[in-house]
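# Reading the structure
Listed here are the chains, written in short residue letters.
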Amino acid sequence: MRQLLLDIRPDAPPAFDNFILGENAAPLEALRAAVIGAGHVMLWGPRGSGRSHLLRAAINEASAAGRPALHVEADKLDGQFVPAPSTLVAVDDIEGLGADAQIALFNAFNRAREQGLTLLLAAERAPRELELREDLRTRIGQSLVFELKPLDDQTRSHILLTLAQRRGLSIGDDVVQFLLRHGRRDLPSLITTLDALDRASLERKRPVTLPLLRDLMQTGLDI
Amino acid sequence: MCSRTSGQPSDAGVRPCFFLQTQHAINSIVTQQLWSFCLSRLESELPHQQFATWIKGLQVECAEASDQPALRLFAPNRFVLQWVRERYLRRIGELGEEFHGAPIALELSLADTATKPAAKRDAVADTAAPTATTPAPEARRATARPAARNEDIPNQAEALYEKTRLNPDFTFETLVTGRANDLARAAAMQVAQNPGTSYNPLFIYGGVGLGKTHLVHAIGNSVFQHNPRAVIRYVHVEDYYADVVRAYQQKSFDQFKRYYRSLDLLIIDDIQFFNNKNRTQEEFFHAFNALTEARKQIVITCDTYPKDIQGLEDRLISRFDWGLTVQIEPPELEMRVAILQKKAEVLDVTLGDDVAFLIAKNLRSNVRELEGALNKVVAYARFHGREISLEVAKEALKDLLNAHNRQLSIEHIQKTVADYYKIKIADMHSKKRTRVIARPRQVAMWLAKELTPMSLPAIGDAFGGRDHTTVLHACRTITELRLADNQLNHDVHVLTQVLRG
């Protein structure tokens, strides 16, 4: 829970330090190791479980450390894809790899050892359930594979309360519970809502209460 | 204290040992001071993130007592080893010289795990190299002596080995043998002992992730071990294709041809990727002829047997029949357990039989995923600071085991089989009894019995309301036919592999 003290506003660039761990400490550790070339890592889990954040964080960390690093969306990757030696390559949403891109990634796997490439991959489903070329799919399965668990509501409410506190906002547990029941529950949305509440509370000189929140929702706050 | 013991005979015998210990302690302190000095200087010279990522994680060890001041560093993995060697080692050497006022002996090598003593590390590095007589081709140990510049003269054998593109970890010694690869391994060893004169080409085929690549690297490593001057090249077809394209663009076909025809051993992996690459096939055809005429060895791998390769010229296919074609089959349970034990040995972890069986029972179709699962268990145990046990393994593989245990549906089996034999799914339920339809249907029934926990009556039901005795008959028929009919046996293998994923 130590991480909760850090700035996790959505506009902060993805980093390892501003990732909310939840139950995902082990994959984070594997990614840190991958940045220094330990081995390929594959992350899978539902949207909002932090896959993209982690991939981008790893890429940012590697770049800062001077290692060539490259982040590609699967649908932007084509058959011509040949990463430079020593590159840390992150490919997100690998379900969307086209036929040629799959061969390009397959080649990257084959050349990885010789050329010092490290691959970080992410998808919604586990390697075993990916509909990709079998020779590619098994190579992905050979990596260190982690399922990312979405944050639970308890962690989310804890994060919200902590963030509110840091902004000098006092919000009741009832407000948090209401948000978690009625709004979008992914963290970026929750933080946007919190920002809106913060502003409204200042403007109207009213404390953040359930009635204020209801008011806001009626006036069209998109939560 | 030393001065007090002078002149006493009984103490004289003790002194050298005592002295050495003291010397060692002093060396150790000096080394620590030296490394602290290097660290503080590097920290101020390098961007923070660079320092934190590459330098901070290096471990230092006091070198044995010697005249020259020394620093032994250990990198956590091969990548860091290479990275630090190329970018920072020279600077560390300079800092060492600055600290001592004289050049230091600086050594950077691979740490196995954090806790191992150095002697153990060396032993591991040695056994992993293909042979003890040739210098380790893998850069497991990099030594830099800025004063002597030894590192600038690359070892010739090492350079030759680099060019082969072989993976030193894939040897016959590290290959686990079982019924599934017995024949292929025997043929491969034969070829390795008599390259060019036993079976040429050696054509190895089998499903994905069964160890074809390991086997062919083992041939290469073995040939190199016996004859370090042999010109060997391992090439994946995609890279061969890239070479052809490059030769075409740079108009350097002569050079390309000369190179591939100069080889003593050409290992070409995944020939199925030749699919419709006509110019590449053409080039390969000529290289093939030239090499076989000169009695040079060619080793080929493929995911299917020659006649089934799509988009490949007939003249190539017929040539592949000149030598020996051997198959690698999926490993059976005992062999999978043995493979896991071998991998664990390489990772230097102890793996109980119960854990090996748990993994092997749940991952059936290919070696790669077996290895992935083992990696996961090892990483999980390390992360949580626990010993590898059955309980730990189950926790580590929870997601994998769950995903796997999700039952195959009978509809999925029927669809896969129908697609494979290019018949309609409706035929799985129909009353038609012609061979082209009945046989696939029987195969599907057999697969349903093998791969699902469904009862025979339920299976019969799912195949157009057939009686359970029909299912039983189908299963017996297929079991018997597999022994006699190679094609059918092959089909069943492929389908099983596809369905198990």
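Residues numbered from 1 in each chain as written. Chains lettered and ligands numbered in written order. Predicted model: local features only at pLDDT ≥ 70, side-chain atom pairs only at ≥ 80, totals over all residues. Heavy atoms only, no water.

The line we're drawing: UniProt positions are given in the numbering used here, feature names are shortened, and annotations may be inferred rather than shown by experiment.
The name given to chain B in an unreviewed UniProt entry is Chromosomal replication initiator protein DnaA, with Azoarcus taiwanensis as the source organism. Its UniProt record gives chain B a comment under Subcellular location (unreviewed entry), which states: "Cytoplasm". Taken verbatim from the UniProt record of chain B, the Sequence similarities (unreviewed entry) comment is "Belongs to the DnaA family."

The name given to chain A in an unreviewed UniProt entry is DnaA regulatory inactivator Hda, and the organism recorded there is Azoarcus taiwanensis.

## A look at the interface of chain A and chain B
Under the convention used in this document: In this description, contact between two residues means that some pair of their heavy atoms is separated by no more than 4.5 Å. Simply put, the buried area is the total loss of 1.4 Å probe accessible area from both parts when two parts are fitted together. We count a salt bridge whenever a side-chain nitrogen from Lys or Arg sits within 4 Å of a carboxyl oxygen from Asp or Glu. Pairs of N or O atoms are called polar contacts if they sit within 3.5 Å, as long as, within protein, a hydrogen donor faces a hydrogen acceptor (for residues adjacent in sequence, only side-chain-to-side-chain pairs). Under the scheme used here, helices are H or I runs from DSSP no shorter than 4 residues and strands are E runs no shorter than 2 residues, and both carry numbers assigned from the N terminus. Note on residue categories: nonpolar means Ala, Val, Leu, Ile, Met, Phe, Trp, Tyr, Cys or Pro, charged means Asp, Glu, Lys or Arg, and polar means any other residue, Gly included.
The interface is formed by 38 residues belonging to chain A together with 37 residues belonging to chain B. For the pair chain A and chain B, the two sides together bury roughly 3,300 Å², of which 54% comes from carbon and sulfur. On the chain A side of the interface with chain B, the three residues burying the most area are A:Ile36, A:Arg113 and A:Arg128, jointly 24% of the side's total. Summed over the shared surface of chain A and chain B, the number is three salt bridges. A:Glu114 is the partner of B:Arg165 in a salt bridge, and the nearest nitrogen-oxygen pair spans 3.3 Å. Between chain A and chain B we count 13 residue pairs in polar contact (both at pLDDT 80 or more) in total. Broken down by secondary-structure element, the contributors of at least two residues to the side of chain A that touches chain B are helix H1 (25-35), helix H2 (51-64), helix H3 (99-115), helix H4 (134-142) and strand S5 (144-147) of chain A. Considered class by class, the residues forming the side of chain A that touches chain B number 14 nonpolar, 10 polar and 14 charged.

## With respect to helix H13 (residues 333-347) of chain B
Residues and elements named next belong to chain B. Heads up, the condition is: Multiplying one less than the number of residues by 1.5 Å gives the expected span of a helix. Only protein chains enter the accessibility calculation, which uses a 1.4 Å probe. A residue is then buried if its area is under 20% of the maximum for its type, exposed if over 50%, and partly exposed in between.
Taking 1.5 Å as the rise per residue, H13 with 15 residues should run 21 Å; its terminal C-alpha atoms sit 21 Å apart, in good agreement. Within the span of H13, buried status applies to Met 335, Arg 336, Val 337, Ile 339, Leu 340 and Ala 344. The inward-facing, buried residues of H13 contact helix H14 (353-362) and helix H15 (367-383). The positive-phi residue at the C-terminal boundary of H13 is Asp 348, with phi of around 65°.

## Some remarks on the side chain of A:Thr118
Residue and element names in this part refer to chain A. Position of Thr 118 relative to the elements: it lies in strand S4 (residues 118-123). Its relative accessible area of 2% is what places Thr 118 among the buried residues. Here the side chain of Thr 118 touches Arg 67 through a polar contact of 2.7 Å, side chain to side chain. Contacts of Thr 118, omitting those with residues within four sequence positions, involve Ala 34, Gly 37, Gly 39, His 40, Arg 67, Thr 87, Leu 88 and Val 89.

## Re the pairing of S4(A)
Residues and elements named next belong to chain A. Formally: Any two strands with at least two DSSP-identified bridges between them are counted as paired. With the strands aimed away from the viewer, a crossover counts as right-handed if its path from the first strand over the helix to the second runs clockwise.
Buried residues dominate S4, accounting for six of its six residues. Burial along S4 is two-sided: Thr 118, Leu 120 and Ala 122 and Leu 119, Leu 121 and Ala 123, pointing in opposite directions, are all buried. Sheet topology note: the strand S1 (residues 41-44)/S4 ladder contains four bridges and is parallel. Considered in S4, the bridge of Met 42 is made with Leu 121. Both strand S3 (residues 88-92) and S4 contribute to a ladder of four bridges, which runs parallel. For Ala 90, the partnering residue across the bridge sits in S4 and is Leu 120. Running through H3, the crossover from S3 to the neighbouring parallel element S4 is right-handed.

## Points about the pattern of salt bridges
Pairing is possible between side chains that carry opposite charge, provided their charged atoms lie close to one another. Counting across every chain of the model gives 30 salt bridges over all chains. Linking A:Asp75 and A:Lys76 is a salt bridge whose minimum nitrogen-to-oxygen distance equals 3.9 Å. In this structure, A:Asp75 and A:Lys76 share a single accessibility class: exposed. Ionic pairing is found between A:Arg204 and A:Asp215, a salt bridge with its closest N-O pair at 3.9 Å. Taken as a pair, A:Arg204 in helix H7 (residues 187-204) and A:Asp215 in helix H8 (residues 210-218) lie far apart in primary sequence, 11 residues in all. Within this structure, B:Arg41, B:Glu45, B:Arg91, B:Glu94 and B:Glu98 form a network of salt bridges that share partners.

## Some details on the sheet that holds strand S2 (residues 69-73) of chain A
All names here are of chain A. We count it as follows: Lines are fitted to the C-alpha atoms to define the axes, a helix being fitted only along its stretch in contact, and any angle between axes, read from their N-to-C directions, falls within 0 to 180 degrees.
In space, the five strands of this open sheet follow the order S2-S3-S4-S1-S5, with parallel pairing throughout. Each edge of the sheet is formed by a strand with only one pairing partner; in this case those strands are S2 and S5. Ignoring which end each strand starts from, the neighbouring axes of this sheet average 15° apart. The sheet contacts of H2 involve S1, S2, S3 and S4, and relative to S3 the element is tilted by about 160°.

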